[in-house]
Every structure is written in C-alpha cells, then in structure tokens.
Number of protein chains: 2
Amino acid sequence: MEQLLEKYAALAVNIGVNIQKGQNLLIRSSISSAPFARLIVKKAYEAGAKDVHILWSDDDITRLRYDLAPDEAFKEFPDYYVKAHTDAVEQNHAILSIVSVDPDLLNGVPAERIAEATKAAGTALSEFRHALQADQISWSIVAVPSEAWAAKVFPNLETSEKQVDALWNAIFSATRADLDDPVSAWQSHINNLVQKSDFLNNHKFHSLHLRAPGTDLTIELPEKHLWCAAESVNAAGTTFTANIPTEEVFTMPLKTGVNGVVTSKKPLSYGGNLINNFSLTFENGAITDFTAETGYETLETLITTDEGSKYLGEVALVPHSSPISTSNLTFYNTLFDENASVHLAIGSAYSFNLDGGKKMSREELVAAGANQSITHVDFMIGCAEMNIDAIKKDGSKIAIFQNGEWAI
Amino acid sequence: MEQLLEKYAALAVNIGVNIQKGQNLLIRSSISSAPFARLIVKKAYEAGAKDVHILWSDDDITRLRYDLAPDEAFKEFPDYYVKAHTDAVEQNHAILSIVSVDPDLLNGVPAERIAEATKAAGTALSEFRHALQADQISWSIVAVPSEAWAAKVFPNLETSEKQVDALWNAIFSATRADLDDPVSAWQSHINNLVQKSDFLNNHKFHSLHLRAPGTDLTIELPEKHLWCAAESVNAAGTTFTANIPTEEVFTMPLKTGVNGVVTSKKPLSYGGNLINNFSLTFENGAITDFTAETGYETLETLITTDEGSKYLGEVALVPHSSPISTSNLTFYNTLFDENASVHLAIGSAYSFNLDGGKKMSREELVAAGANQSITHVDFMIGCAEMNIDAIKKDGSKIAIFQNGEWAI
C-alpha cells in the first residue's frame, strides 16, 4: 500500500503538475486527505519545489455552513481565497487539487442556496478560471478516497475500511499507479492519445454526428477548433497533465452549432446532489428542453446558472473499452466517470481548444465560437451502442466511433 | 465529555471573541483540532455569525517544510495569508486561534531557519499585529490537546488516549469550563481582575521593583501606562476576552526603563524548541547579557530577531495561587503557563496599555515609551518568594505582591 501511494504521489507531482525546480506548489485538499497531501508535499520538495502551501477544506464545515449560515453569507466569497489563486497564476505556481468529496454531501440543501454559492464562487474566481482554461499555469487533479465517497462506490462491502481500500485499489488501477513504472506507462499512454487528436486535427472536420439509444445529436465545430489530449503546455512552455486519469480526446463545440437530443448514461454528481437518467434537447446550441428521472431541480439550477450554462463547452471522445469503463464502477466523481465514456460539458469552453485561443481575449474567444460561463460540468453519454461520424465541409463522412470504440 | 466541549466552545464564542449578530469569524486551527473547530463553527452560526472561514495548518507539513524546503522559501510569506488577516481587520471580523502545537515540533531545526521564518512572518503580518495590539477587532485564543502536546504534559500516562483526556481535563479546569455555568463564572472572575487593575491605575505608579531568588529588577512605567485585565474593548465598542484562561493584570514597561537581572521559573517553548532556566540582564531597557541551561541558541535567536526584541513589551502580575499554578502542571504553552506566574514579554508592547494608545501612530507609541518589535514572547518569572513593591513618583512604596500573592 505504501509503495502504491508513493507511486501515485509521484505521478501527481511529476506527470500531473510536473513541478519544476524553484517553482511553488499550491495544493487544494480536504483535511481528510491530509496523509496523502503530506506525501505530495514531500515529493514536491524532493523534486525541487521552492515552497508548498495548502488551502484546506472540510466537508463537515462546508455542510454546517449550508445548514446554518444566513442567506447573506452565500452572496459573498472571501477575497483572500481568490488572491491565493490569482497570485499563483501571476507567479507561475503549479496548482494541484486533491479531490475526495462525498457525492451526497449536500443532499437536502435547498437548490437556490447551492446556486447562490456556486454563482458567488464562480464570479469571484472568473479571472482565475479564465487563466486555467488557457493553460497559463500547470494544474492537475487527483483523487483520494474519503469514507463517505468509498461507501457510495462500494455500498456492499461491510466495513468502512474495506470500502476505502477497494476505492484506493480502483483509483490505483484507473490511474495506472499499480504498474511497475507508472511514469513511463503514462508517457506511452499520452502518445497513443495524441495520435488520435493529431488524426482529427489533420482532417479539420466541420461537424460530428452522435447516435446512440436516446441520442441523436449534431455538433458543429468552430473553424479554428483544436482537438487536445492528456498533455498540455503552460505559458512558460512546461508540459503537464491536468487530469489523472485521462482517457479523452476532446475539443469545443461551436456555441450555436448544437442540435438534437442527448441522453445521459451515468449519474451526474453536481454540487453534492445526484442527477439520474436525464436528457437535453438543443436548438442552435441552446438547451430548450430537459428531463430527469431524479435531480430535476438540481439540473435546472445548473442549466440556469448564467447565460452560458445553457450551452456546451466541450465534446470528449472516450472508448467504451477504457479501463475505467471496463471496471464497471460508477465513481460518482467526474474525474473518473468522464474517462469511462464519451461526454459533453455544459458551460465554458477551454480556450486551448482553439488554435491561438490561449492568447485570445474573452471577446475574441466568443467571436471564434467558444462558449463562456462561470460553470463547466461534464456529463456522460457514451455506451456500447455509440456511433459517431465526423463530417467534412464537403459533406463526406468518416466513421470515427463504431459500437462505442475508436474506428480510426 | 460532550457537555464539557459544548461549554468550552460556548466560552470561546461568547466570552472569547463575543461574536455579534451578522459578524464574520475567522478561525485559525490545526487540522488535528477539526472536531473542536467544527463545534466552534456551529456555535458561531447559532450565535448569529454571518460567515465563518478557517485558515488550517498542519504540524506535519510545517515540519516537512522546515526539513525539506530550500533556504529561499523562508524569506517569503504568502500574500493571500496576510490578506486574510488584514481583510478581517478592515471588515471587523472576529479572529479565534485554536492552538494545539507540539512543544517539540521544531526540535533539531537549525535556529537560523526558524529565525528567518519568524522574521518573514512577523514582517508580513506587522500591520495586522499592530491592529491586534490596538484591539481594533475582537480576537481570542483557546487551546485543544494534540497527541504530541498531551504526551509532553503527561509523559507518565501509558496511552495516548489517557494523555489527551488528562490534558482536556486540565484545560477544562484551567478555563472554568467544568463549572456549572462557565459564562457567569467568567463574568465574576473578570470583575475581580478589573478591581486590581483599577487600584493600580488609580495610583499611577512610577515604577515596580521585583525581588525573588535570581531576580532583582526595576521596571519604570511610561507616564501614560494603563493596567489592563481580562476584558478588552474593540474599535466598534464590543467587549472580548483575548485569552482563555486569563489570570493576569498587566501593563507595558517604559522601553528604556528596565534595569537589573531576572531569572525564568518555567521552561519557555519558542518556535518549537524549549529554553530552560535562563536569566536576562538589563541596562536602560536593553538585554545586555543572558544565560540559559538549555536552549541558549534559541534564546539568542529570539533576542536578536530585531532591534525591539532586546527590550520588554509587557509586565504581568499573576498570583502564585492561581488555579493553573496550583495544578502544578507545566503546559509548555504560554496561553496556560503565563497564567501560572508573574511574567514579562520580550518584544512589542500592546498599544492599549497606554492611555489613548489605541489611536496612536507607531511614532506616537514610540515617543510615549512603547517598545516595537515583530515579536512578542512571554516568559515566566513568578514564584512563591516573589515580592513586588510599586513606587510612586515621590519615592513612597506600596507592597503589591508578597510571597507570590496579591497584597492589595
């Protein structure tokens, strides 16, 4: 176990944020993940980091606030917390998020309260989010089991200890941390993904047509769209891997170019609540109708966050045979579940998904077809019956996905 | 136990920071004290707080930094952390520190490294410290056992659990949290202390003469000195109690008016190291010589922090029969040990210890005789043989302490 944790921490530091000598690292972590956070701190200093600071959170206190604080509290967001993030961008620090959140943390909290809090945070951190979505600095996300999260993923194991162990093992397997040499395994995995994105970029497709049970969707792509995968490059020219694990090859839709219907294939955990079996109808990019078996109100809250939350910001291709998919686990955590399935994101687009986008102003991004929003939420639509055609400007088609798998 | 914790948390919220309706609370806490911090958050919201934020720390990560970070790291201090404090002052938030630190945390760390870190933090937080020492906002300190701290205070108990329980009980007793109605017990305790400070203020003494084994010290007082006790008043006119427990009646020495020798009577825990059996020699306020049985280097680091760390900032009177003194425990924590004993502080003076001082500029404070420094460290000199005369301008004397006890 100790060896696996060491390997996983090394992945986060060396492949994830790829910390550089003399660089600072800002960690965001729940206090329940402290043992792993300490391991990251150690590895970061050993890799040459100058200084490491941590912004801690605590699920219990987050919930206490939602239950007990007056309404006015949710209209504010602390300036020092914003400054921690914007300073990190200005001074080229790396940022690592260690996520462990209980998917049911906010069960029963009024949706308006969550919406208000999300809006306040999203607005306060909008400059930071813009910088992150332009890959200005190295950033990455890894996950650590909390008891509540492990209980959600493995409800049939008898003890909390067994549940946490099982989730650790699932994480080690999904992130390749259980291989002999995870760092070099990641290098070759990244190369495979980049071959797919190169193929798609070389063809400069005009649109995608996705078909699956409950889904018939056409997604037009911006003229300057770029497919990306796994490895990113920050403003200083350093590579990093924003998500561990990552199995996706993704780009942005043209904001006003989405039409048809899409149906979810995995539960979506949003703001501590679950949305199950939902569908969205699009006209000229905008969501004009939606249904949900459970979590309808939460979905409504998400979609009405701002003007941009009615549009899509990402389309990502993941084969149905991906390791996370074949594990047959639902992690109730986007970092994992998005890598089991073709998915879309409601909300803002990543500027690096446009050629030259990293240096564009917000106005230029909008003009190029990129959606802007204070939110960005992935939801899973892939399955074994998913077929995707990529269509060129001249109308010719290439089948890029057949029966849920890459066809190229 | 649960009831005692509830009472202790209520003391911190209602007597300590005395949170007001609609006010924000900033908590500083180690992650090991999370269960108690959560109780404080709950009590604060129940008392009408608008919002509660927490700046967490972790002893293990603090130590990792001292062991592994490069020298350059210790020259810096994060701006966001400073902003959290200065914003709290500007917006009239209350600040509660929950302390639990291992007295041996920094054992073996090179003294220069600790000095550099202390200087960086002291300099970065100097505006905040000035505001706090002028009682601009409500602030308070309470303590929670950590395993390492409990092991230091109760080394002879067999299990960590018993040590922590024993330290909790010692804390409940020292803070009166074990009484039926701690809040009203505190009100009458505060009144008793205020009677002593009123007596001393009415006499406008010129100087104090302290005698005990190893101690023969004259302390001149500034013309505008004010004796204070227990309860403070912030800039908005709200009372608060900065330390729980508190048994002291205290004022500031005239910076250049201290002469003679003083000998410590309790170990001093400074920056994670212990200084034992030390003496200081003063001439015209400045420390001109010092000895220490152990921790000489640490003491030297403290005294040479800056120009002001060679001078005193506080003289505090505590009877030898105080509850903490009769417990015969050494807590290795100033919050408790200072309340067992007459003590002095190396470093900056509190501006509220001058008549009108809260509104004075730094220059005016210096002109009135107040020492300025980035540090303020209490050390214990009281014992059963301590006699103190208070001397008026005309040379007449009143014995205010005899055999370690109040004589007034």
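Remember, it's a predicted structure, so these values are computed and weren't measured experimentally. (Residues numbered from 1 in each chain as written. Chains lettered and ligands numbered in written order. Predicted model: local features only at pLDDT ≥ 70, side-chain atom pairs only at ≥ 80, totals over all residues. Heavy atoms only, no water.)

Observations concerning the packing of helix α3 (residues 59-68) of chain A against helix α5 (residues 111-124) of chain A
The relative placement of two packed helices is expressed as an angle between their axes plus a distance between the axes. All names here are of chain A. Put simply, α3 and α5 touch, their axes get as near as 10 Å, and they point 120° apart. Taken together, the axes of α3 and α5 are oblique relative to one another. Viewed along their axes, α3 and α5 form a crossing whose handedness is right-handed. Mapping the contact onto sequence places Arg-65, Tyr-66 and Asp-67 in α3 and Arg-113, Ile-114 and Ala-117 in α5. (Axes fitted to C-alpha atoms, helices over the stretch in contact; angles between N-to-C directions. Helix = DSSP H or I, 4+ residues; strand = E, 2+ residues; numbered from the N terminus. Parallel < 35°, antiparallel > 145°, perpendicular 65-115°, else oblique. Left-handed = near helix turned anticlockwise from the far one by under 90°. Contact = heavy atoms within 4.5 Å.)

Things to note about empty space enclosed by the protein
All names here are of chain B. One pass over the full model with this rule turns up one cavity of 30 Å³ or more. Taken as a whole, the largest cavity holds about 30 Å³ of empty space. In terms of lining, the largest cavity is formed by Pro-267, Leu-268, Ser-269, Tyr-332, Asn-333, Thr-334, Asp-337 and Met-380. Within the residue set of the lining of the largest cavity, elements represented by two or more residues are β12 (268-270) and α12 (334-337). The class makeup of the residues in the lining of the largest cavity is four nonpolar, three polar and one charged. (1 Å grid on protein atoms, 1.4 Å probe; cavity = no way out; pocket = protein on both sides within 12 Å on 5 of 7 lines; lining within 4 Å. Points joined across faces, edges and corners; volume = space filled by probe spheres on them. Nonpolar A, V, L, I, M, F, W, Y, C, P; charged D, E, K, R; others polar.)

Topic: the confidence of the model for chain A
Averaged over every residue, the pLDDT of chain A is 94; residues scoring 70 or more account for 100%. At the level of chain-chain contacts, confidence expressed as ipTM amounts to 0.86, with global pTM at 0.87. (pLDDT = per-residue confidence, 0-100.)

Describing the relation of the copies chain A and chain B
By a simple turn and slide, chain A fits onto chain B: the slide is 0.0 Å along the axis, the RMSD is 0.0 Å, and the turn is 180°. In short, the pair behaves as if placed about a two-fold rotation axis. When C-alpha positions in chain A are compared against the rotation axis, the closest is assigned to Tyr-80 of chain A, at 2.5 Å. A share of 100% of the interface residues of chain A reappears at the interface of chain B, consistent with the copies meeting face to face through the same patch. (Least-squares fit on C-alpha atoms with pLDDT ≥ 70 in both.)

As for the side chain of Ser-29 of chain A
Of note, Ser-29 of chain A is situated in strand β1 (residues 25-30). Contact partners of Ser-29 of chain A, with chain neighbours within four places excluded, come to Ala-37, Leu-55, Trp-56, Ser-57 and Ile-98 of chain A.

Thoughts on the interface of chain A and chain B
Listed by partner, the interface residues are 31 residues for chain A and 31 residues for chain B. Of the roughly 3,000 Å² buried between chain A and chain B on both sides combined, carbon and sulfur atoms contribute 67%. Area buried by chain A at its contact with chain B is led by Arg-38, Lys-50 and Tyr-80 of chain A, which between them contribute 22% of it. Applying the counting rule to chain A against chain B returns eight salt bridges. The partner of Arg-38 of chain A in a salt bridge is Asp-58 of chain B, and the shortest N-O contact between them spans 2.8 Å. Between chain A and chain B we count eight residue pairs in polar contact (both at pLDDT 80 or more) in total. Residue composition of the side of chain A that touches chain B, grouped by class: 17 nonpolar, two polar and 12 charged. (Buried area = accessible area lost by both parts, 1.4 Å probe. Salt bridge = Lys/Arg side-chain N within 4 Å of Asp/Glu carboxyl O. Polar contact = N/O pair within 3.5 Å; in protein donor to acceptor, adjacent residues only side chain to side chain.)

Looking at the pattern of salt bridges
What the rule picks out here adds up to 28 salt bridges over all chains. The partner of Glu-76 of chain A in a salt bridge is Lys-50 of chain B, and the shortest N-O contact between them spans 2.7 Å. Residue Glu-76 of chain A is located in the loop between α3 and α4 (79-90), and its partner Lys-50 of chain B is located in the loop between α2 (34-46) and β2 (52-57); the two belong to separate chains. The exposure class of Glu-76 of chain A is partly exposed, given its relative accessible area of 33%. (Buried < 20%, exposed > 50% of the residue type's maximum accessible area, 1.4 Å probe, protein only.)

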